[in-house]
Amino acid sequence: MNVPDDLKFAETHEWIRVDGDVGTVGITDHAQAELTDIVFAEPPKVGTKASAKEALAVVESVKAASDIYSPVAGDVVEANEALSSDPALINKDPYGAGWVFKIRIANRAELDSLLDAKAYRSQIEK
Amino acid sequence: MNRRTPLYDRHVSGGARMVDFAGWEMPVQYRGILDEHKAVREDCGIFDISHMGEFLIRGSEAPTWLDSLLTNSVAKLEEGQAQYSLLLNQHGGIIDDLIVYRTAAQEFLLIVNAAKIEEDFAWLCDHLPDRSDEVLALTNLSEAYAALAVQGPKAPDVFSNAFSLPWEHRRNRIAGLDNKSLTAGSSPSAGVIRSFVATTGYTGELGFELLIPAGDATRYWDLFIASGATPCGLGARDTLRLEMCYPLNGADLSSNDTPLEAGLGAFVDFAKEHFVGRDPLVEQKERGIGRKLSAIRVEEKSPPIRPHYPILANGEKVGETTSGALSPSLGCGIALGYLPFLLAKNGQLLEIEVRGRQYRAGVVKKPFYKPRS
């Protein structure tokens, strides 16, 4: 499973890539493989306010629906509109074209409570 | 501890994702449900259906006895023919839906749902007449048999490749299978588990199902895959059957539903004077049914529909889905659900609610999908 070293991870299998005060959020390679064929994605609306660990988006495979939680608190500043016509982007490129939303991070200190690549790798290898 | 079919090791070594289904550890998918669905619609897929139950009924009283318990007409079945039928309780509620094969003049094979093997068998045993085995013998061969379903427009090619025999089979037939040829009918020989090939299935496509001794399962599984079949799991089996509006017992059918409510009246022979559940059905037929299992298609982009989603008409809840999916063949949401009779008509506008949001839907004619094979 691909777990990029430059990202932070939530125990609930989201990743966040931080660029200034904006974080890009998606689900991990491990999560997309577990979910299998993703046939529907519902990213949050721009402007949505979220607290950390709040369900912000939903992805669904043929068999199951799964919530995507915001790793940190903040305001949604962008949603990946491409997912509505091609939700399988999450399967094909989970850390790239399959990103789900971008969030303006309210409190950067929250990033410290997330897992680094090594810790996330050991979580999914358990 | 879940039960395993003789193909368990093949599923695990083949990379299948295993899940609990009706107390069995079964593959839900190999490479992916969408790929496997497509393989069956456009090419050929193979399913392990060894979890399903097989009962053998033989004897001079077998046809009459089965006709007293099943809704369809066993007497009308010719040797080598298959028939969909229902087992009802005394209230006309559905215990199980099953396939009856007439394997010889006085011999029948019943294929029943995995989750219902014990209940069906107990029900049949309770209704055995108090007579000798000479005229009627019922045997549960579910452990002894494995079963494979090979389905898709290319299934005839897989059959020909595997057996070096031409495909010349009509649908809904059964024949004995030996290593060299297919034999029409078969002579009863006690204590021997014989192999059969039947041109039945649960996908709507051309294809066949193989009923074989459990010990032969891996050999045939390997043979059909080498002959061109793609291994498939129960996930694709479910989306394929739902596109055909084939009901799933435990989801779309239950002991609270009658065949008339489930839209299965074509499989009830009212010309028979008696079968268990007949009187309540006759009464229901005269009075009219209050609800009917309907095919509902979502008319806008929506999430996959799943069981127990609310169905609304003009904003008011009128039922809930019993099965649902995002149809891989059609690309839209599809569902089955019981609707009040007055709403169960083609073109009726409805909404299906997913996470608090309503999606435009409508009742359509069954099936959702018409196979090309």
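The text that follows walks through the structure, step by step, so that each part is easy to find. (Residues numbered from 1 in each chain as written. Chains lettered and ligands numbered in written order. Predicted model: local features only at pLDDT ≥ 70, side-chain atom pairs only at ≥ 80, totals over all residues. Heavy atoms only, no water.)

1. A word on the overall build of chain B
Per the secondary structure count, chain B includes eight helices and 20 strands. Taking 21 Å as the expected radius of gyration for a compact globule of 373 residues, we find that chain B reaches 21 Å, a close match to that expectation. For the C-alpha atoms alone, the extent of chain B along its principal axes is close to 60 × 50 × 40 Å. Within chain B, the fraction of its 373 residues that count as buried is 56%. Long-range pairs, those at least 24 residues apart, make up 68% of the contacts in chain B between residues at least 6 apart in sequence. When the accessible surface of chain B is totalled, it reaches about 15700 Å², and 50% of it is carbon and sulfur. Averaging the positions of the 39 positive and the 47 negative side-chain charges in chain B gives two centres separated by 7 Å. (Helix = DSSP H or I, 4+ residues; strand = E, 2+ residues; numbered from the N terminus. Rg over C-alpha atoms; globule rule 2.2 N^0.38 Å. Buried < 20%, exposed > 50% of the residue type's maximum accessible area, 1.4 Å probe, protein only. Contact = heavy atoms within 4.5 Å. Areas by Shrake-Rupley, 256 points an atom, 1.4 Å probe, with all protein chains shown as cover. Lys, Arg positive; Asp, Glu negative; His and termini not counted. Charge placed at Lys NZ, Arg CZ, Asp CG, Glu CD.)

2. Overview of the side chain of B:N249
By the element assignment, B:N249 lies in the loop between α7 (234–243) and α8 (278–287). At a separation of 3.0 Å, a polar atom in the side chain of B:N249 contacts the main-chain carbonyl oxygen of B:I95. (Polar contact = N/O pair within 3.5 Å; in protein donor to acceptor, adjacent residues only side chain to side chain.)

3. Points about the pattern of salt bridges
Enumeration over the complete set of coordinates arrives at 31 salt bridges over all chains. Between B:R4 and B:E25 there is a salt bridge, with the nearest N and O atoms lying 3.1 Å from each other. You can see B:R4 sitting in the segment before α1 (8–13) and its partner B:E25 sitting in strand β2 (residues 24–29), a full 21 residues away along the chain. When its relative accessible area of 41% is taken as the criterion, B:R4 is described as partly exposed. You can call B:E25 buried: its relative accessible area is 18%. Members of the salt-bridge network, linked through shared partners, are A:E42, A:E60, B:R306 and B:R355. (Salt bridge = Lys/Arg side-chain N within 4 Å of Asp/Glu carboxyl O.)

4. Some remarks on helix α4 (residues 117–124) of chain A
An α-helical turn contains 3.6 residues, so any two residues separated by three or four positions project in the same direction. All names here are of chain A. All buried positions along α4 are accounted for by A117, Y120 and I124. What you see down the axis of α4 is that its buried residues fit within an arc of 65 degrees, all on one side. Buried positions along α4 lie against β1 (8–9) and α1 (29–35). (Arc of directions from axis to C-beta.)

5. A look at the sheet that holds strand β2 (residues 14–19) of chain A
Residues and elements named next belong to chain A. With antiparallel pairing, the six strands of this open sheet are ordered in space as β1-β2-β3-β9-β8-β5. The open sheet has two edge strands with one neighbour each: β1 and β5 (49–50). Pairing geometry for strand β3 (residues 22–27) and strand β9 (residues 101–105), over four bridges, is antiparallel. Residue pairing for β9: T24 is matched across the bridge by K102. (Pairing = 2+ DSSP bridges.)

6. What about the interface of chain A and chain B?
The interface is formed by 15 residues belonging to chain A together with 18 residues belonging to chain B. Roughly 1300 Å² is buried in total at the junction of chain A and chain B, and carbon and sulfur atoms are behind 51% of that figure. The largest share of the area that chain A buries against chain B comes from A:F40, A:V62 and A:K63, three residues that together contribute 38% of it. Inspection of the region where chain A meets chain B yields five salt bridges. Where chain A meets chain B, there are eleven residue pairs in polar contact (both at pLDDT 80 or more). Of all the secondary-structure elements, those providing two or more residues to the side of chain A that touches chain B are α1, β4 (38–42) and β6 (55–61) of chain A. Looking at the side of chain A that touches chain B, its residues break down into seven nonpolar, three polar and five charged. (Buried area = accessible area lost by both parts, 1.4 Å probe. Nonpolar A, V, L, I, M, F, W, Y, C, P; charged D, E, K, R; others polar.)

7. Remarks on helix α4 (residues 117–126) of chain B
Residue and element names in this part refer to chain B. Among the residues of α4, I117, D120, F121, W123 and L124 are the ones counted as buried. Seen end-on, α4 carries its buried residues on one side only, within an arc spanning 160 degrees. Facing away from the buried side of α4 by over 90 degrees, the exposed positions are E118 and D126. Packing partners of the buried residues in α4 comprise β4 (53–58), α3 (62–67), β5 (82–88), β6 (94–104), β7 (107–112) and β8 (137–140).

8. Some details on the packing of aromatic side chains
Residue and element names in this part refer to chain B. If you walk through the whole model with that rule in mind, you get 14 aromatic pairs over all chains. Between the aromatic rings of Y30 and W221, the centroid separation amounts to 6.5 Å while the plane-to-plane angle is 35 degrees, which identifies the pairing as tilted. Pair noted here: Y30 is in the loop between β2 and α2 (33–42) and W221 is in helix α6 (residues 217–226), with a separation of 191 residues, a long-range link. As far as burial versus exposure is concerned, Y30 and W221 are alike and both buried. Ring geometry for Y220 against F224: centres 6.2 Å apart, planes inclined by 25 degrees, an arrangement best described as stacked. Of this pair, Y220 and F224 both sit in helix α6, four residues apart, roughly one helical turn. (Phe/Tyr/Trp six-rings, centres within 6.5 Å; stacked < 30°, edge-to-face > 60°.)

9. With respect to the packing of α2(B) against α7(B)
All names here are of chain B. Contact geometry for α2 and α7: axes closest at 8 Å, N-to-C directions at 55 degrees. With respect to α7, the axis of α2 lies oblique. Here α2 and α7 pass one another in a crossing that is right-handed. Contacts between α2 and α7 involve I33, E36, H37, V40 and R41 on the former and, on the latter, G235, A236, T239, L240 and E243. (Axes fitted to C-alpha atoms, helices over the stretch in contact; angles between N-to-C directions. Parallel < 35°, antiparallel > 145°, perpendicular 65-115°, else oblique. Left-handed = near helix turned anticlockwise from the far one by under 90°.)

10. With respect to the state of the cysteines
Applying the stated criterion to the full structure yields zero disulfides over all chains. A disulfide-free cysteine, B:C44 has its sulfur positioned 8.2 Å from the sulfur of B:C232, the nearest such atom. (Disulfide = S-S within 2.5 Å.)

Just distances and angles here, no functional claims.
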